[in-house]
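Close look at the chain arrangement
Residues per chain are reported as follows:
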Amino acid sequence: MRRLVAGTGWKMNNGIADSIRYAGELKARIAAFDTSAIDIYVLPPFTSLAAAAQAFAGSPVAVGGQNMHWEDSGSWTGEISASMLVEAGCRYVELAHSERLQHFGETYEQVRCKVDKAMNAGLIPIICLGESALEKAEGRTDQVLADQLRISTGGQPDERVPEIILAYEPRWAIDATEAASPDYIGERHRALRAVLRKHRGADIAGRTRIIYGGSVTPENGRAFLDIKDVDGLFVGRAAWKPEGFARIVELVTDVSKRKI
Ligand code: PGA
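Throughout, a residue's number is its position along its own chain's written sequence, starting from 1. For this predicted model, a pLDDT threshold of at least 70 governs which residues receive local features, and a threshold of 80 or more governs which side-chain atom pairs are given and counted, while totals over whole chains, interfaces and linings are taken from all residues. Note that the side-chain values use all heavy atoms of the structure and ignore hydrogens as well as water.

This part covers the site of the ligand. Here a residue is considered near a molecule or strand provided that any single heavy atom belonging to it is located within 4 Å of it. Inspection of the region around the ligand gives Lys 11, His 97, Glu 169, Ile 174, Asp 175, Gly 214, Ser 215, Val 216, Gly 236 and Arg 237 as its neighbouring residues. Here an oxygen atom of the ligand and a side-chain polar atom of His 97 are 2.6 Å apart. The backbone of Ser 215 places a nitrogen or oxygen atom 2.8 Å from an oxygen atom of the ligand. For the accessible areas, the method is Shrake-Rupley and the probe is 1.4 Å, while residue cover comes only from the protein chains on display. Here the ligand has 280 Å² of accessible area as a free molecule, and 98% of this is covered by the chains. Think of it as three bins: nonpolar holds Ala, Val, Leu, Ile, Met, Phe, Trp, Tyr, Cys and Pro, charged holds Asp, Glu, Lys and Arg, and polar takes everything else, Gly as well. Taken together, the residues that form the shell around the ligand break down as two nonpolar, four polar and four charged. Definition of a polar contact: a pair of N or O atoms within 3.5 Å, with one able to donate and the other able to accept a hydrogen when the atoms are protein atoms, and with sequence-neighbouring residues admitted only if both atoms are side-chain atoms.

Right under this line is the structure:
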């Protein structure tokens, strides 16, 4: 049994005041849902983390960072460590988002170091995996995904892998007009789980969550959640307003009753 996930990354949106407003509204909107069987997270920008964590305290919504550094402290101007995220009230940290890879030159080797540090600090890493449009066109998608998975989780012993959330986010479907098709997503999730099975065994593969992100909306989300190997939704734009994320949470809650 895998607990379904409803998550949103706010990217560079919502300062402190907006984060507090968002939290108040989201909590009110989801109060009537039985969310006990799912995991919910929001990923505010760094400066809003502590305020958001406080605003969501006591609710089913946990908070996470959108990135972190692999060292504990030191001369790393502009960076944030795992322990700083924990201190700010974070439970999660997103790693390897395509915008980090594309605009800031991050690599999966760095992500591996970050995963190790995040796990040691007690954070749940959400590792983004995804092929570019070019890699897709060249027919290299499943190999690219397998490599990203192998490198980023390579430092973890088998038994810790199910603590990680894997987010399949095809780069060409992020911030796009259309998500990937349910068939395409189903194939990729199956392939990723097969890689896990091969390297980590059936039990680990069966317990590790793989969620989908990339132009998810309340309208298209159900079709993705209906796919056997999809364990949740990771949403950007459609969840930047609390009403949008509340609809996603409702959807995931609903489907979790059937999937369990
Ligand atoms: P999007 O973003 O839903 O706005 O496409 C998804 C993501 O970046 O994870």
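So, on to the sheet that holds strand β3 (residues 61-65). A pair of strands counts as paired when DSSP detects no fewer than two bridges linking them. The secondary structure listing takes helices from DSSP runs of H or I that are at least 4 residues long and strands from runs of E that are at least 2 residues long, numbered from the N terminus. Overall, parallel pairing links the eight strands, which are arranged β1-β2-β3-β4-β5-β6-β7-β8 in a closed barrel. Taken pair by pair, the neighbouring strands of this sheet meet at an average axis angle of 25°, ignoring direction. Relative to strand β6 (residues 165-168), strand β5 (residues 124-129) runs parallel, the two being bridged by four bridges. Note that in β6 the partner of Leu 129 across the bridge is Tyr 168. Angular values range over 0 to 180 degrees, each being the angle between N-to-C directions of two axes fitted as lines to C-alpha atoms, with helices fitted over their stretch in contact.

It is worth spelling out the state of the cysteines at this point. Note that a disulfide, as used here, is simply two cysteine sulfur atoms within 2.5 Å. This structure, assessed with the given rule, holds zero disulfides. Between Cys 90, a free cysteine, and Cys 128, which holds the nearest cysteine sulfur, the sulfur-to-sulfur gap is 15 Å. Partly exposed residues are those whose accessible area sits between 20% and 50% of the maximum for their type, while under 20% is buried and over 50% is exposed, using a 1.4 Å probe and protein chains only. Residue classification places Cys 90 among the buried positions, given a relative accessible area of 9%. The cysteine Cys 113 is free of any disulfide, with Cys 128 supplying the nearest cysteine sulfur at 17 Å. The exposure class of Cys 113 is partly exposed, given its relative accessible area of 36%.

The next point concerns the environment of Glu 106. The residue Glu 106 is located in the loop between α4 (98-104) and α5 (108-120) in this model. Sequence spacing of Glu 106 and Lys 27 is 79 residues, and the spatial spacing of their C-alpha atoms is 34 Å. Contacts are assigned to residue pairs with any non-hydrogen atoms lying within 4.5 Å of each other. Look past the residues within four positions of Glu 106 in its chain and what remains in contact with it is Asn 67, Arg 100, Leu 101 and Lys 114. Within the local environment of Glu 106, its side chain forms a polar contact with the side chain of Arg 100, the two groups lying 2.8 Å apart.

This brings us to the pattern of salt bridges. One side-chain nitrogen of Lys or Arg within 4 Å of one carboxyl oxygen of Asp or Glu is enough to make a salt bridge. Tallied over the entire structure, the rule returns 22 salt bridges. The shortest N-O distance in the salt bridge between Arg 100 and Glu 106 comes to 2.8 Å. The class of Arg 100 is partly exposed, set by a relative accessible area of 22%. On the accessibility criterion, Glu 106 (10% relative accessible area) is buried. With a shortest N-O distance of 2.8 Å, Arg 200 and Asp 158 are connected by a salt bridge.

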